[in-house]
Amino acid sequence: MPKFVFLWTDVSIWVLVAGMVGYGVFVSRKPGLARNWRRVFTDPAAMASFVVLLLCLVITLLDSVHYRRALPPAPGVVNTSVAYDVRTISVLDTLLSRLVESREPSYSRPLSYVGFFKESIEVEGKLTREPPRLVFGGAHLTDPATQWVGDLIKRSVMGLVLGLLVTAGISALLVAVIARRRGAAWAVTTRSILKGESDIPWHAALWAVMAIGVLAGPTIALMGHYHVFGTDRTGNDVLYQALKSIRTAFVIGTLATVATLPLAVVLGIMAGYFKGWVDEVIQYLYTVLSSVPNVLLIAACVLMVQVFLDKHPELFETGAERADLKLFLLCVVLGLTGWAGLCRLLRGETLKLRELEFVQAANAFGVSNTRIMVRHIFPNAAHLMLIVTVLEFSALILYEAVLSYVGVGVDPSMNSFGGMINLARNEMSLDPVVWWSFAAAFGFMVTLVLAANLFADGVRDAFDPRASNYRVRLKRKAV
């Protein structure tokens, strides 16, 4: 029986998922909120982006269940306590165990069967300089020179067919569910979805699922026998690092955003409602905070956290626990230094709301200030909080990349897009260029950030009528 390890960020992510499920139940019981969220998914770009974000969330959750394997007892020893491996692994590590174990001596190109650098090899009694065969990549080939291209094509086609079959199965299941809810025939429902005649653009979701299947199918078929994105300087698989970096990006994007909410919401509503000296003090606080360069402030806080962790190694059983606590504290630091923007918006919205009739009536009836702010101001300003939260998600992912690039981000032992780009700095100066680590990190990060931005646009248009009206006017001018 393995020993489950409860890391700070694991618990936080699962609590947030539980909160999202609870919020979904709450939305289903509120017709107004349900109507707004339905409007989000009427945007084809937001619908397709949601599918990508959902896939990244699944990867994050698989990488957020950690445990340590139980070691077998020593020969001849009985009735001893169970010893556990010092390594902390996740469910995702178990699923990708083949990639974890496929470590090579050094660099190798994507889908290659030989190393990147040439070595002195004795061939038929003569010493020549040739790239050596990889330990894992293409090891099943007996004659790589003639079999390599054909093997790549065969496995890619098999993976593509498998991906399309899985896509077809998911699409058929989705169509069956929609047809059952509508009480319509399967063929009629399929035709209306493909033509985009339904209120919700299910065809955009199906196209996104198909694109994922077309890319993931060949990748899964090839990664069991090749390094799809090559290997880095220490021979580790780059695809594995990129998949592990998704969790780091998601953790920072969600936890850091949530960490900004308490201060921003409380201080913003208080400043707008009480006005006077309370408003002046809070304005002074966020003005001073905004005047300090964020990178310098965050770097100073992270260095203090680093000193604390270095002085108290006894608090951690494994290196994974130490790296995870640093990641958690980095999210807290980002939250405590990034609340000023949302606070400004909530202050302005509260200044407007406090002058409306229902708030004035509550004051006239002697309702307490706290109850007015909680029951009347906060629900009517919550849409701003939601919009800014979704928009800040992608910004914080990019922020992590910048911080890791300058050396004050996540722990070096933890995979992240910023860490991969930072390590690729020197690789890009080699001749020939080692480009695949940078390309993989850049591609995955841009895909995640682009999906988050498109989904954020849909949320903003649905919850902020002014943004929606502005886009409609732009479309009319273009026509």
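Values in this document were obtained by computation on a predicted structure and should not be read as measured data.

### Quick look at the nonpolar core
Right, on to step 1. In terms of nonpolar packing, the biggest core is built from 81 residues, with Trp37 and Phe455 touching the most fellow members.
Right, on to step 2. The leading source of residues in this core is helix 17 (residues 436-463), at 13 residues.
Right, on to step 3. Beyond its immediate sequence surroundings of up to four residues, Trp37 is in contact with Tyr23, Val27, Leu386, Phe455, Val459 and Phe463.
Right, on to step 4. Within the second largest apolar cluster, 26 residues are counted, among which are Leu261, Leu346, Leu353 and Ala381.

### A closer look at the packing of aromatic side chains
Right, on to step 1. Under the defined criterion, the tally for this structure stands at 18 aromatic pairs.
Right, on to step 2. Ring plane angle 70 degrees and centroid distance 5.3 Å describe the contact between Phe250 and Phe393, whose orientation is recorded as edge-to-face. In this pair, Phe250 sits in helix 9 (residues 238-274) while Phe393 sits in helix 15 (residues 369-405), placing the two residues 143 residues apart along the sequence. Like Phe250, the residue Phe393 is buried in the burial classification.
Right, on to step 3. In textbook terms, an aromatic cluster arises when at least three aromatic residues are bridged by ring pairs, as seen for Tyr107, Phe116, Phe117, Trp435 and Trp436.
Right, on to step 4. The ring of Tyr273 has Arg354 lying over it, and the distance from NZ or CZ to the ring centre is 5.6 Å.

### As for the pattern of salt bridges
Right, on to step 1. As enumerated under the stated definition, the model contains 13 salt bridges in all.
Right, on to step 2. Here Asp63 ties to Lys244 by a salt bridge, and the two come within 2.9 Å at their closest N and O atoms. Of this pair, Asp63 sits in the loop between helix 3 (44-62) and strand 2 (66-68) while Lys244 sits in helix 9, and the two are 181 residues apart along the sequence. Both residues of the pair, Asp63 and Lys244, count as buried.
Right, on to step 3. Put simply, Glu349 and Lys352 hold a salt bridge, and the shortest N to O gap is 3.3 Å. With Glu349 and Lys352 both in helix 13 (residues 340-353) and 3 residues apart, this pair spans about one turn of that helix.
Right, on to step 4. Within the structure, one salt-bridge network assembled from shared partners comprises Asp10, Arg247 and Asp324.

The rules behind these values
- Residues numbered from 1 in each chain as written.
- Predicted model: local features only at pLDDT ≥ 70, side-chain atom pairs only at ≥ 80, totals over all residues.
- Heavy atoms only, no water.
- Core = buried A, V, L, I, M, F, W, Y, C linked by side-chain atoms within 4.5 Å.
- Buried < 20%, exposed > 50% of the residue type's maximum accessible area, 1.4 Å probe, protein only.
- Helix = DSSP H or I, 4+ residues; strand = E, 2+ residues; numbered from the N terminus.
- Contact = heavy atoms within 4.5 Å.
- Phe/Tyr/Trp six-rings, centres within 6.5 Å; stacked < 30°, edge-to-face > 60°.
- Lys NZ or Arg CZ within 6 Å of the ring centre and 35° of its normal.
- Salt bridge = Lys/Arg side-chain N within 4 Å of Asp/Glu carboxyl O.

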